[in-house]
Amino acid sequence: MDFTDKTIWITGASSGIGRAVALELSQFNTRLILSGRNAEELNKVAEKCNKNGCSIRVVTFDLQDEKSITAAADKVLGSERQIDCLYQFGGISQRSFVTDTPLHVDRKIFEVNFFGTVALTKAVLPFMIKNGGGHLAATSSIVGKFGFPYRSAYSASKHALHGFFESLRAENASNNIRVSMIIPGRIKTNISVNALDKNGNKHGKMDEGQEKGMSAEASAKAICRKLEKEKKEILVGGKDLLMIYIRRFFPFLYYHLSSKVKPL
Ligand SMILES: NC(=O)c1ccc[n+]([C@@H]2O[C@H](COP(=O)([O-])OP(=O)(O)OC[C@H]3O[C@@H](n4cnc5c(N)ncnc54)[C@H](OP(=O)(O)O)[C@@H]3O)[C@@H](O)[C@H]2O)c1
């Protein structure tokens, strides 16, 4: 796929990986729709993208609020000719033990990461199909491929995205709908700062591992190269990606290593 002249809707565009992907894609002659909750940050990203000569629209909504998602989709689909690509990065992580975490915090993580992503996809998919097809990308995580301590609901919500989008891909191959799952390892963003603690409040700390992660800019370059090729799975990160292969080929080693992870 060539990004030139495409209309690309990016969620999670106010920060981290989504922001870096928006800036990367703005170097092509594209039309970008940037979404998240934080209008001020989105406008700053829009201004930078604009300098690259790209046409920009900012649309805010809360992934936790279905009504705000459908209202945003109605607004966008009512005035755009086509959405060629819907690239979803919006998400929230977790730092809490299963035994300490009340169900409402698990539900909040699922609402944002899974149901919010699904709601926007369902709003956009019929429009894409009607217009001849499109490219969907959803952002999972390496912990969408295996469980990880202190991330129980986060890991589960990312596993759920794989099941949903693999099914969607199979159902819609004949509708020219292509699906990419983005699977980042540790990327240096505010994901740990914004993660929910056991009370559903911001964790508020940059984790040591996160601090040492790949830069958002480098990850965005790698992601965009693979989005362009419409890869079905886009792994991006450093040595941490090895754990996916350890889990698959040496499960006994994964069970041992994962039980030794220290709480943050
Ligand atoms: N960084 C990593 O190491 C890593 C690893 C694996 C997977 N990921 C995934 O990568 C994606 C991007 O994360 P990031 O690292 O870039 O973190 P980030 O800097 O915290 O960015 C998260 C983005 O999600 C948006 N978001 C969060 N809650 C939202 C809500 N309720 N409604 C609408 N938008 C919401 C935020 O926008 P607003 O605040 O404007 O709403 C922000 O743009 C996430 O799905 C994350 O799970 C990250």
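The text that follows walks through the structure, step by step, so that each part is easy to find. (Residues numbered from 1 in each chain as written. Predicted model: local features only at pLDDT ≥ 70, side-chain atom pairs only at ≥ 80, totals over all residues. Heavy atoms only, no water.)

**Topic: empty space enclosed by the protein**
Per the stated rule, a full pass over the model turns up 1 cavity of 30 Å³ or more. By volume, the largest cavity amounts to about 30 Å³. If you go around the largest cavity, the residues you meet are Gln88, Gly90, Asn113, Thr117, Thr139, Lys158 and Leu161. For the lining of the largest cavity, the elements supplying multiple residues, two or more each, are helix 4 (103–130) and helix 5 (152–172). Grouping the constituent residues of the lining of the largest cavity by class yields 1 nonpolar, 5 polar and 1 charged. (1 Å grid on protein atoms, 1.4 Å probe; cavity = no way out; pocket = protein on both sides within 12 Å on 5 of 7 lines; lining within 4 Å. Points joined across faces, edges and corners; volume = space filled by probe spheres on them. Helix = DSSP H or I, 4+ residues; strand = E, 2+ residues; numbered from the N terminus. Nonpolar A, V, L, I, M, F, W, Y, C, P; charged D, E, K, R; others polar.)

**Points about the sheet that holds strand 2 (residues 31–36)**
Strands sit in the order 3-2-1-4-5-6-9 across an open sheet of 7 strands; the sheet is parallel. Sheet topology places strand 3 (55–60) and strand 9 (233–236) at the edges, where each strand pairs with a single neighbour. Taken pair by pair, the neighbouring strands of this sheet meet at an average axis angle of 15°, ignoring direction. By the bridge criterion, 4 bridges tie strand 1 (residues 7–11) to strand 4 (residues 85–88) in an arrangement that is parallel. Across the sheet, threonine 11 pairs through a bridge with glutamine 88, a residue of strand 4. Against the sheet, helix 3 (residues 66–79) engages strand 1, strand 2 and strand 3, with an angle of about 155° to strand 3. (Pairing = 2+ DSSP bridges. Axes fitted to C-alpha atoms, helices over the stretch in contact; angles between N-to-C directions. Contact = heavy atoms within 4.5 Å.)

**A word on the site of the ligand**
Not every one of the 30 residues close to the ligand is listed here, only the nearest: Ser15, Arg37, Tyr154, Thr189 and Gln210. Interatomic distance of 3.1 Å between a backbone N/O atom of glycine 12 and an oxygen atom of the ligand. Note that an oxygen atom of the ligand is positioned 2.8 Å from one of the backbone N or O atoms of isoleucine 17. Broken down by secondary-structure element, the contributors of at least two residues to the shell around the ligand are helix 1 (16–25), helix 5 and helix 6 (191–194). Class assignment of the residues belonging to the shell around the ligand gives a composition of 10 nonpolar, 16 polar and 4 charged. (Near = heavy atom within 4 Å. Polar contact = N/O pair within 3.5 Å; in protein donor to acceptor, adjacent residues only side chain to side chain.)

**Here's the deal with a positive patch on the surface**
A cluster of like positive charges, contributed by Arg225, Lys226, Lys229 and Lys231, occupies part of the molecular surface. Tracing the backbone shows lysine 229 in the loop between helix 8 (216–228) and strand 9. A relative accessible area of 61% means that lysine 229 is categorised as exposed. (Patch = residues over 30% accessible without salt bridge, like charges linked within 9 Å, V, L, I, M, F, W, Y side chains within 5 Å. Areas by Shrake-Rupley, 256 points an atom, 1.4 Å probe, with all protein chains shown as cover. Salt bridge = Lys/Arg side-chain N within 4 Å of Asp/Glu carboxyl O. Lys, Arg positive; Asp, Glu negative; His and termini not counted. Charge placed at Lys NZ, Arg CZ, Asp CG, Glu CD. Buried < 20%, exposed > 50% of the residue type's maximum accessible area, 1.4 Å probe, protein only.)

**Some details on the pairing of strand 4**
Both faces of strand 4 are covered, namely the face carrying Cys85 and Tyr87 and the face carrying Leu86 and Gln88. Note: strand 4 against strand 5 (residues 134–139), 4 bridges, orientation parallel. Along strand 5, the bridge assignment pairs glutamine 88 with alanine 138. As for the winding sense of the linkage, the β-α-β connection from strand 4 through helix 4 to strand 5 is right-handed. (Right-handed = clockwise from strand over helix to strand, strands pointing away.)

**Observations regarding the packing of helix 1 against helix 2 (residues 39–51)**
Interhelical geometry of helix 1 versus helix 2 gives an angle of 20° and a closest axis separation of 8 Å. Viewed along their axes, helix 1 and helix 2 adopt a mutual orientation that is roughly parallel. Helix 2 is crossed by helix 1, and the crossing has right-handed handedness. Between helix 1, through Arg19, Ala22 and Leu23, and helix 2, the contact on the second element is made entirely by Val45, Lys48 and Cys49. Among the residues making up the contact of helix 1 with helix 2, the classes are represented as 4 nonpolar, no polar and 2 charged. (Parallel < 35°, antiparallel > 145°, perpendicular 65-115°, else oblique. Left-handed = near helix turned anticlockwise from the far one by under 90°.)

**Considering the packing of aromatic side chains**
Scanning the entire structure with this criterion turns up 10 aromatic pairs. Grouping aromatic residues by their ring pairs yields a cluster made of Phe110, Phe114, Phe115, Phe164 and Phe165. (Phe/Tyr/Trp six-rings, centres within 6.5 Å; stacked < 30°, edge-to-face > 60°.)

**A few points about the nonpolar core**
Side chains of a nonpolar character, in soluble globular proteins, are inclined to be buried together. Membership of the largest hydrophobic core comes to 45 residues, with the highest contact counts inside it found for Trp9, Ile83, Leu120, Leu136, Phe165 and Leu168. Breaking this core down by element, the ones donating at least two residues are helix 3, helix 4, strand 5, helix 5, strand 6 (177–184) and helix 9 (242–249). A per-element tally of this core places helix 4 first, with 11 residues. Core analysis: the next-biggest nonpolar cluster, separate from the first, contains 32 residues, Ile8, Ile10, Leu23 and Ile223 among them. (Core = buried A, V, L, I, M, F, W, Y, C linked by side-chain atoms within 4.5 Å.)

**Observations concerning the pattern of salt bridges**
As a working rule, side chains carrying opposite charge can pair if their charged atoms are close by. Per the stated rule, a full pass over the model turns up 9 salt bridges. In this structure, glutamate 41 engages lysine 44 in a salt bridge whose closest nitrogen and oxygen atoms are separated by 3.1 Å. Taken as a pair, glutamate 41 and lysine 44 lie in helix 2 at a separation of 3 residues, close to a single helical turn. Residue classification places glutamate 41 among the partly exposed positions, given a relative accessible area of 27%. Residue glutamate 233 pairs with lysine 145 through a salt bridge whose shortest N-O separation is 2.9 Å. One end of the pair, glutamate 233, is in strand 9; the other, lysine 145, is in the loop between strand 5 and helix 5, and 88 residues separate them in sequence. Residues joined in a network through salt bridges with shared partners are Arg31, Arg57 and Glu80.

Take it as geometry only, folks, not as evidence of what the structure does.
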